[in-house]
2 protein chains.
Amino acid sequence: MRALGRHILAEAYDCDPAVLDDVNLVESIMVEAALAAGAEIRQVAFHKFAPQGVSGVVVISESHLTIHTWPELGYAAIDVFTCGDHVDPWDACHYIFEHLRAGRVAATETQRGILDEHDTPKLQPVALRRDAAG
Amino acid sequence: MRALGRHILAEAYDCDPAVLDDVNLVESIMVEAALAAGAEIRQVAFHKFAPQGVSGVVVISESHLTIHTWPELGYAAIDVFTCGDHVDPWDACHYIFEHLRAGRVAATETQRGILDEHDTPKLQPVALRRDAAG
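Reading the values: rules and limits
- For every chain, the first residue of its written sequence is number 1, and the numbers climb from 1 along that sequence.
- Think of it this way: whatever chain is written first is A, whatever ligand is written first is 1, and the rest follow in order.
- Two thresholds apply to this predicted model, a pLDDT of at least 70 for residue-level local features and 80 or more for giving and counting side-chain atom pairs, whereas whole-chain, interface and lining totals are computed over all residues.
- For the side-chain quantities, the full set of heavy atoms in the structure was used; hydrogens and water were omitted.
- UniProt positions are given in the numbering used here, feature names are shortened, and annotations may be inferred rather than shown by experiment.
- Secondary structure elements are taken from DSSP: a helix is a run of H or I of four residues or more, a strand is a run of E of two residues or more, and numbering for both begins at the N terminus.
- Only protein chains enter the accessibility calculation, which uses a 1.4 Å probe; a residue is then buried when its area is under 20% of its type maximum, exposed when over 50%, and partly exposed in between.
- In this scheme Phe, Tyr and Trp rings, the latter by its six-membered ring, pair at centre separations within 6.5 Å, and the angle between planes marks the pair as stacked below 30 degrees, edge-to-face above 60, and tilted otherwise.
- Overlaid copies result from least-squares superposition on C-alpha atoms, with residues included only where pLDDT is at least 70 in both.
- The contact definition used throughout considers only heavy atoms, calling two residues in contact when any of these lie within 4.5 Å.
- A pair is scored as a salt bridge if a Lys or Arg side-chain nitrogen falls within 4 Å of a carboxyl oxygen belonging to Asp or Glu.
- By the criterion applied in these results, polar contacts are pairs of N or O atoms within 3.5 Å in which, for protein atoms, one can donate a hydrogen and the other can accept it, and in which residues neighboring in sequence qualify only through two side-chain atoms.
- Residues are grouped as follows: nonpolar covers Ala, Val, Leu, Ile, Met, Phe, Trp, Tyr, Cys and Pro; charged covers Asp, Glu, Lys and Arg; every other residue, Gly included, is treated as polar.
- Here the expected span of a helix is defined as 1.5 Å times the quantity of residues minus one.

The name an unreviewed UniProt entry assigns to chain A is S-adenosylmethionine decarboxylase proenzyme, from the organism Thermaerobacter composti. UniProt, in its Pathway (unreviewed entry) section for chain A, records the words "Amine and polyamine biosynthesis; S-adenosylmethioninamine biosynthesis; S-adenosylmethioninamine from S-adenosyl-L-methionine: step 1/1."

Now the structure itself:
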């Protein structure tokens, strides 16, 4: 089985609410996490919501990191998706968990871009609505 | 069980390589997909790789859409993550599948931000490397 990428979906609970609501700090953590994993940064886009919460993404040569925070719940949804062999997405995840001061984390790693069509254990085929296409 | 968001991970195979390698077109498809689902766009960041391939993200009020393309393989990795009840992430996905002219798609929907700690069926707890923190 050949997969192009590794995608970690992480749920970070009991984080520091002050960190989660600081857009500059969250952006810095995500950028530093990408660098800590050895990734090459291409684009950075972050947004602060009112009254609270941050969303942002770091596009890297190897794919992306994203985060969405709910300071009022102490929760952040984190994705780290990397392609190639020289970056370990868990390195970025652990950097993020530490700097959000997460008290509890749940995460899963999924393979992306499995090119053998007979070997896609985690994904379900879906209907293509070609009839609705122009 | 209360979940904050819905996250679709989609693998689109047998897409039109010319579409997958056109950064302006891919960006337009992703933006229009967000709008088709009723999402509110906050940030857009796309990057064209040499010799081929596109990566990009649309940050929306409801979370994000991302895409990474491999024109040489006819493959794209697509994520649509939405929070709240007024946006259906499948609407965005189907728009994208159609406009990439995907021949085959596999996808899965995962819940994000499950706030009952006893009910996280798909994610595994992971160790926090607090000892490595500063």
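**Q** Looking at this structure, I do not really get unusual backbone geometry. What am I missing?
**A** Of all residues except glycine, most have a negative phi; of all peptide bonds, most are trans. Note the cis peptide between A:Ala50 and A:Pro51, where omega equals 5 degrees. Topologically, A:Pro51 is positioned in the loop between strand E2 (41–48) and strand E3 (54–60). Residues other than glycine seldom take positive phi values, yet A:Arg101 does so here, at roughly 55 degrees. Of note, A:Arg101 is situated in the loop between helix H3 (89–100) and strand E6 (104–114). The exposure class of A:Arg101 is exposed, given its relative accessible area of 53%. Although it is not a glycine, B:Asp14 adopts a positive phi angle of roughly 55 degrees. Counting through the fold element by element, B:Asp14 comes out in the loop between strand E1 (3–13) and helix H1 (17–20).

**Q** Is there a simple way to think about the packing of aromatic side chains in this case?
**A** Describing an aromatic ring pair means giving the distance of the ring centres and the angle of the ring planes. Scanning all chains against the criterion turns up four aromatic pairs over all chains. Between A:Tyr13 and A:Tyr75, the aromatic rings sit 5.3 Å apart at their centres with planes inclined by 35 degrees, giving tilted as the arrangement. Separated by 62 residues along the polypeptide, A:Tyr13 in strand E1 (residues 3–13) and A:Tyr75 in strand E5 (residues 75–83) bring together distant segments of the chain. According to the relative accessible area criterion, A:Tyr75 is buried, its value standing at 0%. Geometrically, the ring pair formed by B:Trp70 and B:Tyr75 is tilted, given 5.4 Å between the ring centres and 45 degrees between the ring planes.

**Q** It is not clear to me how the relation of the copies chain A and chain B should be interpreted in this structure. Could you clarify?
**A** The operation linking the two copies of the chain is a rotation about an axis combined with a translation along the axis. Of the transformation superimposing chain A on chain B, the axial component is 0.0 Å and the angular component is 180 degrees, with the fit at an RMSD of 0.0 Å. In the structure described here, the two chain copies are related by an operation that fits a two-fold rotation axis.

**Q** Is there a simple way to think about the interface of chain A and chain B in this case?
**A** One widely used convention gives an interface's size as the accessible area the parts lose upon coming together. Each partner contributes residues to the interface: chain A has 60 residues there, and chain B has 60 residues. Where chain A meets chain B, there are four salt bridges. Two residues, B:Arg112 and A:Asp79, come together in a salt bridge whose shortest N-O distance is 2.9 Å. On inspection of chain A and its partner chain B, the count reaches 20 residue pairs in polar contact (both at pLDDT 80 or more). For the side of chain A that touches chain B, the secondary structure elements donating two or more residues are E1, E2, E3, strand E4 (63–70), E5, H3, E6 and strand E7 (124–125) of chain A. Its residues assigned to classes, the side of chain A that touches chain B shows 32 nonpolar, 15 polar and 13 charged.

**Q** Explanation requested: H3(A) in the structure shown.
**A** Since there are 3.6 residues in each turn of an α-helix, residues three or four apart along the chain are aligned in direction. Residues and elements named next belong to chain A. Here H3 contains 12 residues, and its C-alpha end-to-end distance of 17 Å stays within 8% of the 16 Å for a straight helix at 1.5 Å per residue. Along H3, nine of the 12 residues are buried, which leaves the element largely enclosed by surrounding structure. If you check which residues of H3 are buried, you get Pro89, Trp90, Ala92, Cys93, His94, Ile96, Phe97, Glu98 and Leu100. In the core, the buried residues of H3 are packed alongside E1, helix H1 (17–20), helix H2 (23–36), E4, E5 and E6. A side-chain oxygen of the first residue of H3 lies 2.9 Å from the backbone nitrogen of tryptophan 90; this N-cap is aspartate 88. Arginine 101 sits one or two residues past H3 and shows a positive phi near 55 degrees.

**Q** When you look at the UniProt feature "active site" (unreviewed entry) in chain A in this model, what are you seeing that I'm missing?
**A** Using the residue numbers shown here, the UniProt feature "active site" (unreviewed entry) corresponds to A:Ser63, A:His68 and A:Cys83. Mapped onto the fold, A:Ser63 is located in strand E4. Owing to a relative accessible area of 3%, A:Ser63 belongs among the buried residues under this scheme. A:Ser63 has contacts with A:Val58, A:Phe81, A:Thr82, A:Cys83 and B:His68, leaving out every residue within four places of it along the chain. Tracing the sequence through the fold places A:Cys83 in strand E5. The exposure class assigned to A:Cys83 is buried, which follows from its relative accessible area of 11%. Aside from chain neighbours lying at most four places away, what touches A:Cys83 is A:Leu4, A:Gly5, A:Glu62, A:Ser63 and B:Trp70.

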